[in-house]
Amino acid sequence: MGIPSNHKAVLLATFIAFGGFLFGYDIGVISGCLIMPDFIDRFGTVDGSGNAVLSPARQSIITSLLSAGTFVGALAQAFTSDRFGRRGSILIWSAIFTVGTAVQTGTVRSIVQITIGRFIAGLGVGALSAIVPLYNGETAPKAMRGMLLVLYQLQIIIGIFISYIIDLGTHHIDGSASWRIPVGLQMLWGLILLSGIFFLPESPRHLLGTGREAEARRVVAELNSLPEDDPLVIDTIEEFEFGIRAENEGGKATWMECFSERNLLWKRTLNGMMLQFIQQLNGQNFYYYYGDTFFKSAGTELDAYSIQAILGGVSVVGTVPALYLIEAWGRRKSLLTGAIMEAVCALIAGLVGHYTLAAPNTPIDQLTKRNKQGGDVLIAFAVLHVFSFSVFWGPTPWVYLGESFPLRVRPKAIALGSASNWIWNFLLSFFAPRIANDIGPLILLIFFGMLVFGYVYVYFFIPETKGLSLEEVDEMYRSGVKPWNSAGWRPSEKHIHDKADTTTEVREVKEKDEIGA
């Protein structure tokens, strides 16, 4: 038996996770464009004083059309992933994303054109937000799956950070280049992902599910740097076959099966959707919206671009330790620890901000010592909140989503989880500014309450999936183990014995077929 090497699987997962970079960059880049003078002049309206302004209504249209597209794309990819495979689906949606960014970049003054471009790009972003965890979950070695799925979140954060840096560098340029450069660069990112057509293999689990065993064997051998007849490759293929046969007993999967009693799929789908819901209401996005106010309350003179870049850099730094902790601590401990840390930050920041911050737009020379001290405390806990999110709640829900479902419903179940993320992202961006305008920093107490709820939900409903194959995750749910005891759960001897018996039967049938031939 050869010694397997995972370096090809790691390189492949890193490349596929670039879909997360597209996701993050597209989210981050528009926030800077909305306050660039040339962008406002082209897509805004003229007020009573003759000045160009980009009204809140127009800002909402430009930003929310992306969220609408992502919601549709996240659901639509379930059809393409089954019909065209994971590889083909990645290429299709990368092309759609690239077309959307080209439409945006080519816009002159039409708000209709740029919003349509945002919607088309959103289709690609939403689809890739579901396909990347799906693909990496099916191709990654189980011992490294958590780390490789965290790469997706790391790429999202890097994408956001890079978009902030590019906005920071181009917003001083006169004319349309100030926003066309950061927006147009997305075409390059899309083409990079499209280049995967030359070397991306199909998911071996999908290949087996569609009866292409020889191709699946070749992919498994390639990912492990072993010959096709190596015992490890043979055992891996037979394990996949066993799981797929068990999954496909009920015929073709439907959307309703995601909520069926079979193998507790309703619970697994609900868990995936709930983690995405709680993730969006963690409160970290609030700091991106209102960081400018917080920093000015502390007496700094940083502009909005610099503040975004600082918070983006904190997010990148925070996601790096998650690559280790997701496997060292596991999924449950990461989520529980993150909920506690973020809840403390939200509580302190909300109360301190409410009782000490000066009113918005107060001149710096009129800030009192109390205002500045309160601002300093709020900034410190804002940074800690963003950092904690990046370590724990940023990546872990995506990891859980990518490893919790059997093959027959995986594209649909992951689509529902991703769509949940995007619908709550849209609702948060739509309502949070209005709520914060009425109650100010006290909005953080809403997020505090959500984080407390998140801790309770994870403790009672989210099992530990660290170190288990996708087939073993399926067995764990069937076993009925309590989530708080799941960290010590191991596959049953009966399961292994049954698998061996089934594998022997498969081999005997193959041998008979070969003799008969």
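Student: Is there a simple way to think about the pattern of salt bridges in this case?
Tutor: Following the criterion strictly, the structure yields nine salt bridges and no others. The shortest N-O distance in the salt bridge between Asp26 and Arg118 comes to 3.8 Å. Of the two residues, Asp26 is situated in helix 2 (residues 18-33) and Arg118 in helix 5 (residues 111-139); the sequence distance between them amounts to 92 residues. Considered together, Asp26 and Arg118 belong to a single accessibility category, that of buried residues. Two residues, Glu403 and Arg331, come together in a salt bridge whose shortest N-O distance is 2.8 Å. Here Glu403 is found in the loop between helix 16 (396-402) and helix 17 (410-439), whereas its partner Arg331 is found in helix 14 (residues 331-356), with 72 residues between them in sequence. We classify Glu403 as buried; its relative accessible area is 1%.

Student: Which parts of the structure should I look at to understand helix 18 (residues 443-461)?
Tutor: Spacing of three or four residues puts side chains on the same side of an α-helix, whose turn is 3.6 residues. When the terminal C-alpha atoms of helix 18 are compared, their 27 Å separation across 19 residues agrees well with the 27 Å that a helix rising 1.5 Å per residue should span. Where helix 18 is concerned, the buried positions are Ile443, Leu444, Phe447, Met450, Leu451, Gly454, Tyr457 and Val458. Looking down the long axis of helix 18, one finds its buried residues gathered within 125 degrees of arc, a one-sided arrangement.

Student: Looking at this structure, I do not really get the nonpolar core. What am I missing?
Tutor: General note: in soluble globular proteins, nonpolar side chains tend to be found buried as a group. Counting residues in hydrophobic clusters, the biggest one holds 71 residues, and the most contacted among them are Phe39 and Ile90. In terms of residue count, helix 5 provides more of this core than any other element does, twelve residues in total. If you look at the next biggest cluster of nonpolar residues, it comprises 39 residues, including Ile278, Ile307, Leu311 and Val391.

Student: Any chance you could explain the side chain of Asn271 here in plain terms?
Tutor: Along the chain, Asn271 falls in helix 11 (residues 265-280). Discounting residues that sit within four places of it in the chain, Asn271 has contacts with Tyr400, Tyr457, Phe461, Ile462, Pro463 and Tyr477.

Student: Explain the packing of helix 1 (residues 7-16) against helix 5 to me, please; I cannot follow it from the model alone.
Tutor: For any two helices packed against each other, the geometry is given by the interaxial angle and the distance between the axes. At a minimum axis distance of 10 Å, the contact between helix 1 and helix 5 shows a crossing angle of 175 degrees. With respect to their mutual orientation, helix 1 and helix 5 come out roughly antiparallel. Across the interface between the two elements, Leu12, Ala13 and Ile16 of helix 1 pack against Val132, Tyr135 and Asn136 of helix 5. Taken together, the residues of the contact of helix 1 with helix 5 break down into five nonpolar, one polar and no charged.

Student: Help me understand the packing of aromatic side chains, please; the structure alone is not making it clear to me.
Tutor: The geometry of an aromatic ring pair comes down to the distance between the two centres and the angle between the two planes. For the structure shown, the criterion picks out 20 aromatic pairs. Judged by centre distance (6.4 Å) and plane angle (50 degrees), the rings of Phe23 and Tyr152 are tilted. With Phe23 in helix 2 and Tyr152 in helix 6 (residues 145-170), this residue pair connects regions lying 129 residues apart in the sequence. In terms of burial, Phe23 and Tyr152 fall into one category: buried. Between Lys333 and the ring centre of Trp329, over which it is positioned, the NZ or CZ distance is 4.7 Å. We note Lys412 situated over the ring of Trp255; from NZ or CZ to the ring centre the distance is 6.0 Å.

Student: In this structure, what is going on with helix 5? I would like to understand it.
Tutor: The end-to-end C-alpha distance of helix 5, which contains 29 residues, comes to 41 Å, matching closely the 42 Å that a straight helix rising 1.5 Å per residue would cover. When the local axis directions of helix 5 are compared, the greatest deviation, roughly 25 degrees, occurs at Leu128. Taking burial as the measure, the 29 residues of helix 5 include 24 buried ones, the bulk of the element.

Calculation criteria
- Residues numbered from 1 in each chain as written.
- Predicted model: local features only at pLDDT ≥ 70, side-chain atom pairs only at ≥ 80, totals over all residues.
- Heavy atoms only, no water.
- Salt bridge = Lys/Arg side-chain N within 4 Å of Asp/Glu carboxyl O.
- Helix = DSSP H or I, 4+ residues; strand = E, 2+ residues; numbered from the N terminus.
- Buried < 20%, exposed > 50% of the residue type's maximum accessible area, 1.4 Å probe, protein only.
- Expected span 1.5 Å × (residues − 1).
- Arc of directions from axis to C-beta.
- Core = buried A, V, L, I, M, F, W, Y, C linked by side-chain atoms within 4.5 Å.
- Contact = heavy atoms within 4.5 Å.
- Axes fitted to C-alpha atoms, helices over the stretch in contact; angles between N-to-C directions.
- Parallel < 35°, antiparallel > 145°, perpendicular 65-115°, else oblique.
- Nonpolar A, V, L, I, M, F, W, Y, C, P; charged D, E, K, R; others polar.
- Phe/Tyr/Trp six-rings, centres within 6.5 Å; stacked < 30°, edge-to-face > 60°.
- Lys NZ or Arg CZ within 6 Å of the ring centre and 35° of its normal.
- Bend = angle between axes of the 7 residues up to and from the residue.

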